[in-house]
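Single-letter residue listing:
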Amino acid sequence: MARLTLQSLRSAAPVLLGVVLFGLGLYALHHLLKPVNLSDVVAQIRATPPGVLAAALGATAVGYVALICYDWFGLRFIGKRLNRGVVALGGFLGYAFGNTIGVSVISGGAVRYRIYSAVGLNAFEVAAVSGYIAVALGTGLTLVGIAALAIHPGAVGSLLPDAPGMIRAVAVAVTGVSVALIVWLSASQRAVSIRGRTLRLPPLADLGGQLAVTLIDIAAASFALWVLLPEGKPDYTIFVAVYAAATMIGVVSHVPGGVGVFETVVIGTLPATVPVGDAAAALLLFRLVYYLLPFALAFLLVALNEIRLASGLGSRLLARAPGLQPAFATLHGFSPGLVAAVAFGFGVWLLLITMLPSVQADAMAERDLVGSLLLEGGTLVSAVAGVALIIVSHGLARRVSSAWWFAIGALATGSVASLLNDFGIANAALLAASAILLLPFRKAFDRPGHLTAGVFDLGWFATVTGAFLAAAAFFFFVHKAVPYSNDLWSEFAHDSNTPRALRAGLAATGLMFFFAIYLLTRPTRAKPPAELRPPAMAQAAALAAASEDPQAWLSQTGDKRFLFSDTGRAFLMYAVRGGSWIALGDPVGDPDEYEALVWSFADQAARSNARPVFYEVSARHLTLWVDLGLTLQKIGEEAVVRLPEFSLAGSRFKSMRAAMNKRQRDGYEVALLPPPHGPERIAVLREISDAWLGGKPGSEKGFSVGRFEPDYLDRFEIAVVRKEGRIVGFANILASKDGAHLAVDLMRYLPDEASGLMEYMFLSLIEHYKAAGAQEFSLGTAPLSGLSERSVARSWNRFGRLIYRHGGAFYNFEGLRAFKQKFQPEWRPRYLALPPSVSPMRAMGDVALLIAGSARGLVAK
């Protein structure tokens, strides 16, 4: 339990740290902005010259072109060439969404995976590109910032205790040594190992290109902010160091976009000649220009793609660029997460505008009761609509149909409320336009379900906490001139801006508080739907018979429940153990049904207060688990023999060929027995099975493997090994619908025939099915094989490697892998997909107990 608690704390640490740093950043920013009035900030923004805005927009455009080049160099580094349009699309969307939000299914990495995997890259290659970008950007920011300190050591003097001379000397030394080391490593192409991570730099030509891109990126981004700053700002070369330091601190804080943290560092390092209010206005404009504007353009691009999918408009134009079609086809997958983020953002925006003083209140007659009521009602409705959008964003991320309708209604309500509150025509138009822009996304929300279903995890609550902290800080900033008294709560005059904001804040906080109480106390369904009936088994068997995956036949072992899609054309097989609903393998049936099916499974598990766990999923449908917000932990590798390429000829199979010939000379033979299998045959096989189990630790396993049950075995061909006519070993064979894909399942043999018998059987079966025209023969999964050996690998990998090497008392993991390797198979990864907050060791504990049947079954005979 202590280990699990420590694991949970480690998982929660980045989220909690981000909330704390965000809160501290808000507090520091509030302290810095004490002498600033909101009206001064607004006036400064409105007074910004058009030429300055144009320069900031131009620098932003240049910066994003440079950012796209990071992707190009990253792909070049791993030896991949993609269509330039695909790279531009993936890079722009990755940065536009990732820079502004940077969480869950619309992070930069998730966006790149969807787009680049559609044109042929696998998950590891996309991860390598994302890692390259992170290292290049982090190294570039650090070196540029340090180099700028070498030129202007006083740039961040207020943050460092040392004298400028010392700062310059250290900066020059660090920059010189770092550049020399980087150039040497690049020229020599030597790899360097840092705490178990092996790093290799690109060759000098690519390194020079990457350096140029990094300098352009940092120069453009810092110029976009610098040009917006008022008179008295530092020289541009000095400001580059300030910008680099603020950006790095914002990244380290884990706060999305570094909001609050970045602004605090910039304002804190600016010279006293820069008015704080003017600096705040420049920072706000910079956020709009460099972050929100690209995000809005990216959102518009996805919305136009949704319109294209719904109406066919623009399809002819896209047909002229066939290389871009697969990439654009993936944009639909961003829709739920993107719309959820937009709804959440507008929810926060509505909370913030309720804190603003009413301009129309000053022009209102003293006894205008109707006007006062409209102001009061508009403010309260805006606050409630804001909280509703924040809450419903969770349902939007889960693609719930009712959440989309609710979001449209909340935006429309907020638009009307803005008209009632201060006649905010511009704000009302913005909210109404946003509601209209959500209309093309209707098809992305096709899942029935409750708005409050699902798991509201720590990350969601942390984000909501940050939003309410921001709203509270904004309230104190706007109304800091008004002293607090209890009488404020009961003031309802037309010019009572602070009391009105207080009541709106109370309404929003109360609504969110009661929603949290409801989540904590809502009733849960204790048991999953009981789909163990014979009709369900028969329906699953029909789908398994039509499947290309032979593992689908494990649905017939009799120890599983079933969840079918709405149409009945696909299903998941699963069982319940402890607090986990454990699904085995990939969904079976129509691939078009998979997405809705896995979402439904996760929702039903959450409503039963259980953890959804997907055990032994393949790499064929990784986007399913990514979209579900699950993490993937590698748990082993499946050994698959490619039959057309397999041959016993050659030196590498010399010893196996000799052993096979010897077996045949000794009177052994392999035969395939078709079903049905009569009682006499079953009785012979049972004797062998009982003898085999008698020599093994633990009891007979289940769930992920077949069991010796006559009804189950009667569905399959059984391969038997005979010695002089007597059966000494057997295995049942799972086959796909066309017989092209096969897998061995239950394997049993007499203990005195152990040496080399299964090897002889497998070779005979491989030769037989190859001659029959089959394509693949699966030898099963080698548990815990292929996990990372690096010291910085995730704790699950380290634990798995430990068990793999030293767990012989329970299971011969290494021996199993070595045995299967004899057949020179293709090793395909198998994963455990589970929520980020769930410890893999806890989930695997439930899986192990489920397979063994009980804790005693793990180790006892």
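That block above? That's the structure.
Residue indices begin from 1 for each chain and proceed along its sequence in written order. At least 70 in pLDDT is required for a residue's local features to be given in this predicted model, at least 80 for side-chain atom pairs to be given and counted, and no such filter applies to totals for whole chains, interfaces and linings, which use all residues. Hydrogens and water are ignored here; the side-chain numbers use all heavy atoms of the structure.

(A) Inspection of the overall build of the protein at higher detail. By definition, any uninterrupted DSSP run of H or I lasting at least four residues is a helix, any uninterrupted run of E lasting at least two residues is a strand, and each is numbered from the N terminus. When helices and strands are counted, the protein shows 30 helices and 14 strands. Three labels apply to residues, based on accessible area from a 1.4 Å probe with only protein chains included: buried if under 20% of the type maximum, exposed if over 50%, partly exposed otherwise in between. Classification of the 861 residues of the protein by burial places 49% in the buried group. The contact criterion used is simple: two residues touch if any of their non-hydrogen atoms lie within 4.5 Å. When contacts within the protein are restricted to residue pairs at least 6 apart in sequence, those whose partners lie at least 24 apart make up 74%. Where accessible areas are quoted, they stem from the Shrake-Rupley method and a 1.4 Å probe; at the residue level, only the protein chains shown are allowed to cover. Carbon and sulfur atoms form 64% of the exposed surface of the protein, whose accessible area is close to 38,900 Å².

(B) A look at the packing of helix 11 (residues 276–311) against helix 14 (residues 335–353). Lines fitted to the C-alpha atoms define the axes, with helices restricted to the stretch that makes contact. Angles between their N-to-C directions range from 0 to 180 degrees. Running from N to C, helix 11 and helix 14 point in directions that differ by 135 degrees, and their axes come no closer than 11 Å. In this view, helix 11 runs oblique relative to helix 14, as classed from their interaxial angle. Along this stretch, helix 11 crosses helix 14, giving a crossing that reads as left-handed. Residues Phe295, Phe299, Val302 and Glu306 of helix 11 pack against Ser335, Leu338 and Val342 of helix 14. Here the nonpolar group is Ala, Val, Leu, Ile, Met, Phe, Trp, Tyr, Cys and Pro; Asp, Glu, Lys and Arg are the charged ones; every other residue, Gly included, is treated as polar. In terms of residue class, the contact of helix 11 with helix 14 is built from five nonpolar, one polar and one charged. In these notes the angle categories are as follows: under 35 degrees is roughly parallel, over 145 is roughly antiparallel, 65 to 115 is roughly perpendicular, and the rest is oblique. By definition, any crossing whose near helix is turned counterclockwise from its far helix by less than a right angle is left-handed, and any crossing with a clockwise turn is right-handed.

(C) The pattern of salt bridges, seen in detail. Basic side-chain nitrogens of Lys or Arg form a salt bridge, by our definition, when they fall within 4 Å of a carboxyl oxygen of Asp or Glu. Following the criterion strictly, the structure yields 18 salt bridges and no others. The partner of Glu638 in a salt bridge is Arg830, and the shortest N-O contact between them spans 2.9 Å. Remark: Arg830 occurs in strand 14 (residues 826–834) and Glu638 occurs in strand 8 (residues 631–642); sequence separation between them is 192 residues. Residue class for Glu638 comes out buried when judged on its relative accessible area of 9%. Its salt-bridge partner being Glu759, residue Lys822 comes within 3.0 Å of it at the nearest N-O pair. In this pair, Lys822 sits in the loop between helix 28 (813–821) and strand 14 while Glu759 sits in helix 26 (residues 757–771), placing the two residues 63 residues apart along the sequence.

(D) Just unusual backbone geometry, in detail. The peptide bond linking Pro675 to Pro676 adopts the cis configuration, its omega dihedral lying at 0 degrees. Mapped onto the elements, Pro676 comes out in the loop between strand 9 (668–673) and helix 24 (679–694). Not every positive phi belongs to a glycine, and Glu616 is a case in point at roughly 60 degrees. Counting through the fold element by element, Glu616 comes out in strand 7 (residues 611–617). Given a relative accessible area of 16%, Glu616 falls into the buried group.

(E) Structural detail: a nonpolar patch on the surface. Patch definition: residues with relative accessible area over 30% and no salt bridge; like charges joined within 9 Å; nonpolar side chains (Val, Leu, Ile, Met, Phe, Trp, Tyr) joined within 5 Å. Together, Leu300, Leu304, Ile307 and Leu437 make up a nonpolar patch on the protein surface, roughly 300 Å² of accessible area in all. For the nonpolar patch, the element with the most residues is helix 11, which contributes three residues.

(F) Focus on the packing of aromatic side chains. Centres within 6.5 Å are what make two rings of Phe, Tyr or Trp a pair, Trp counting through its six-membered ring; a difference in plane orientation under 30 degrees is then read as stacked, over 60 as edge-to-face, and the rest as tilted. One pass over the full model with this rule turns up 32 aromatic pairs. When the ring of Phe223 is compared with that of Tyr236, the centres are 5.9 Å apart and the planes differ by 80 degrees; the resulting orientation is edge-to-face. With Phe223 in helix 8 (residues 204–226) and Tyr236 in helix 9 (residues 236–252), this residue pair connects regions lying 13 residues apart in the sequence. Look at Trp404 and Trp405: their rings are 4.7 Å apart centre to centre, the planes differ by 80 degrees, and that puts the pair in the edge-to-face class. Look at Trp404 and you get buried, because its relative accessible area is 4%. An aromatic cluster of three or more residues is present, and its members are Tyr64, Phe92, Tyr243, Phe262, Phe286, Tyr290 and Tyr291. We call a charge positioned over a ring when the NZ of a Lys or the CZ of an Arg lies within 6 Å of the ring centre and within 35 degrees of the ring normal. Directly above the aromatic system of Trp226 lies the positively charged group of Lys233, at a separation of 4.0 Å from the ring centroid.

(G) Highlighting the environment of Asp446. Here Asp446 lies in the loop between helix 17 (425–438) and helix 18 (458–478). Judged by its relative accessible area of 57%, Asp446 falls in the exposed class. Along the sequence, Asp446 and Ser401 sit 45 residues apart, while their C-alpha atoms lie 5.2 Å from each other.

(H) Summary view of the nonpolar core. In plain words, nonpolar cores are sets of buried Ala, Val, Leu, Ile, Met, Phe, Trp, Tyr and Cys residues tied together by side-chain atoms within 4.5 Å. In terms of nonpolar packing, the biggest core is built from 113 residues, with Ile115, Leu396, Phe614 and Trp625 touching the most fellow members. Element by element, the count of residues in this core is highest for helix 11, at 13 residues. If we skip the residues at most four places from it in the chain, Leu396 touches Pro336, Val339, Ala340, Ala343, Ala403, Trp404, Ala407 and Phe445. Counting residues in hydrophobic clusters, the runner-up holds 78 residues, among them Ile718, Leu734, Met758 and Ala782.

(I) Helix 17, seen in detail. Given the number of residues in a helix, its expected span is that number minus one, multiplied by 1.5 Å. Look at helix 17: 20 Å from first C-alpha to last across 14 residues, which is about the 20 Å you get at 1.5 Å a residue. Residues of helix 17 that are buried include every one of Asn427, Ala428, Leu431, Ser434, Ala435 and Leu438, and no others. In an axial view of helix 17, the angular spread of the buried residues amounts to 125 degrees, which keeps them on one side of the axis. Seen from the buried face of helix 17, the exposed residues on the opposite side, beyond 90 degrees, are Ile425, Ala426 and Ile436. Considering only its buried residues, helix 17 is in contact with helix 11, helix 14 and helix 16 (401–420). Along the arc lie the directions from the helix axis toward the C-beta atoms.

(J) Looking closely at the pairing of strand 11 (residues 726–735). Among the ten residues in strand 11, eight count as buried, and that is most of the element. In this structure, strand 10 (residues 717–723) lies alongside strand 11, joined through seven bridges in antiparallel fashion. From the neighbouring strand, Ala719 faces strand 11, where its bridge partner is Ala731. Between strand 10 and strand 11, which pair antiparallel in sequence order, lie two residues; one of them, Glu724, sits at a positive phi of approximately 55 degrees. Two strands qualify as a pair provided DSSP detects at least 2 bridges between them. Of the pairings in the sheet, the one linking strand 11 to strand 12 (residues 741–749) comprises six bridges and is antiparallel in character. Along strand 12, the bridge assignment pairs Leu734 with Ala743. The antiparallel hairpin formed by strand 11 and strand 12 contains five residues in its connecting segment, where Gly739 sits at a positive phi of about 75 degrees.

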